[in-house]
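The lines below spell out each chain.
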Amino acid sequence: MSRIGLAVLGVVLIAAVQAPVPAAASEPGQSPGCPPDQGSSRVTTEPWAQQALDFSSVWRQTRGQGVTVAVVDSGVDGITQLAGKVTTPIDLTGTGRQDCVGHGTELAAIIAASDTQAQGMPFEGVAPGVTILPVKVNNTDLGDSALLAEGIREAASSGAGVINVSITTGDSPGLRSAVAFALSLDAVIVAAGGNDQTGTAGPFYPASYPGVLSVGAVASDGALAPFSDQRSHVAVTAPGVNITSAYPLGYLTHLDGTSYATAFVSGVAALVRSRYPTLTAGQVVGRIEATADGGTGPGTGAGLVNPLEAVTAVLVPGQAPGVPSAAMKPVSVLRPPLVDRQTRAAALAITVGSLGAAALVALGAVVISQGRRRGWRPGRTRIPADGGTAGDTWP
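Residues numbered from 1 in each chain as written. Predicted model: local features only at pLDDT ≥ 70, side-chain atom pairs only at ≥ 80, totals over all residues. Heavy atoms only, no water.

This part covers the overall build of the chain. When its secondary structure is counted, the chain shows nine helices and 11 strands. Sorting the 395 residues of the chain into buried and exposed places 48% on the buried side. Considering only intrachain contacts with a sequence separation of at least 6, the fraction spanning at least 24 residues in the chain is 73%. Within the structure as shown, the chain displays about 18800 Å² of accessible surface, and the carbon and sulfur contribution to it stands at 57%. (Helix = DSSP H or I, 4+ residues; strand = E, 2+ residues; numbered from the N terminus. Buried < 20%, exposed > 50% of the residue type's maximum accessible area, 1.4 Å probe, protein only. Contact = heavy atoms within 4.5 Å. Areas by Shrake-Rupley, 256 points an atom, 1.4 Å probe, with all protein chains shown as cover.)

If you want it as structure tokens, here you go:
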């Protein structure tokens, strides 16, 4: 199977929701080797997803500091761009902390890889100030939905403000309960909408549960990726085609899947939580939806996530942040009608002339009144040749 075939999310079909055995959860990645021996040593051009989202434009305000993002996946390896960002992992598989699939490391790098532009490495993460909490629930391409549910609970109990779930499965009471538990602890759950493949289609979970920030994938032209599921609930979209990310032994540049789109949105959620620490998880989700660029059809939700607007937008006064409907409305500014310059000049002259005449009339009345008191009479006044005599005073 090709790398792209393995790199898309949701490869396992749930035979039946009521099946007595645990449902399988799907996770893309490389299974041979630990870690997989793939990837290139460098990235030479800025990935298109970074250019499209422009998330570095908000770093003067926040880089996600103070927020822990749990990556519930295959583990996270200690790559250079994640140095000092990864906290003590939680391993629920009993196979050790190492990422033998590579997928969890890819996600963590999209979320939090350090800015290394100055060192000539153009790849960087959305929120380089966050702390990554690896919660390992898979050690191969396939996993167990019961472990996924347990991983979500562990992430929430450990204080994660954002929980990235780039794994899809079917609905189950255990998973539903785990999501409800995490939401009750005010965690933002960001989940992949899922990928359609032969014999595999949504709706997928946990993306389709209420309260979850579910994500679809778009290509560089803005169109919904052909594999991005349209049966699952989708709140927003993000880049998910030809994605670049760090790998345990290098970098990969042609990753496809809603799982990678989910990582971008988890990074944005961390930026918002860091910038607005008093917002509830529901308000963070609502703010991201309200500031997205607008849906373009089924499977696109509120549209492409907009990191700059999500962090900086001023919501309508009195409007609770987190209410998507009309939270961002254009405001029209009333402008006075244009006036002809000649008409304006004539009106100004008339106004000034009128005011001057009124002033002269008032002054004349004062002068005449004073003159009468001094005995003035109409007629010419003789002025002495020397300009006046001693004792003369001016009125």
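After that view, the rundown keeps rolling.
It is worth spelling out the side chain of Glu124 at this point. With respect to the helices and strands, Glu124 occurs in the loop between α3 (103–112) and β4 (131–136). Although Glu124 is buried, it forms no salt bridge, and the closest oppositely charged side chain is Arg63 at an N-O distance of 7.4 Å. Residue contacts for Glu124: discarding those within four places in its chain leaves Gln50, Phe55, Ser56, Trp59, Gln81, Ala113, Ser114, Asp115 and Gln117. (Lys, Arg positive; Asp, Glu negative; His and termini not counted. Salt bridge = Lys/Arg side-chain N within 4 Å of Asp/Glu carboxyl O.)

For the rest of this paragraph, the subject is unusual backbone geometry. Across the junction of Tyr205 and Pro206, the peptide omega takes the value 15°, indicating a cis bond. Looking at the secondary structure, you find Pro206 in the loop between β7 (188–192) and β8 (213–218). In this structure, Asp54 takes a positive phi of about 50° despite not being glycine. By secondary structure assignment, the location of Asp54 is in the loop between α2 (48–53) and β2 (68–73). We classify Asp54 as partly exposed; its relative accessible area is 37%.

Summed over the entire model, instances satisfying the criterion amount to three aromatic pairs. Relative to Trp59, the ring of Phe55 has its centre 6.2 Å away and its plane inclined at 40°; by these criteria the two rings are tilted. Ring geometry for Phe123 against Tyr251: centres 6.1 Å apart, planes inclined by 70°, an arrangement best described as edge-to-face. Of this pair, Phe123 sits in the loop between α3 and β4 while Tyr251 sits in strand β11 (residues 250–255), and the two are 128 residues apart along the sequence. (Phe/Tyr/Trp six-rings, centres within 6.5 Å; stacked < 30°, edge-to-face > 60°.)

Here we come to the pairing of strand β6 (residues 162–165). Alternating residues of β6 divide into Val162 and Asn164 and Ile163 and Val165, and every residue in both groups is buried. Pairing of β2 with β6 involves three bridges; the strand directions are parallel. Note on β6: the bridge partner recorded for Val71 is Asn164. Where β6 lies against β7, four bridges are found, and the strand directions are parallel. Its bridge partner lying in β7, Asn164 is registered against Val190. (Pairing = 2+ DSSP bridges.)

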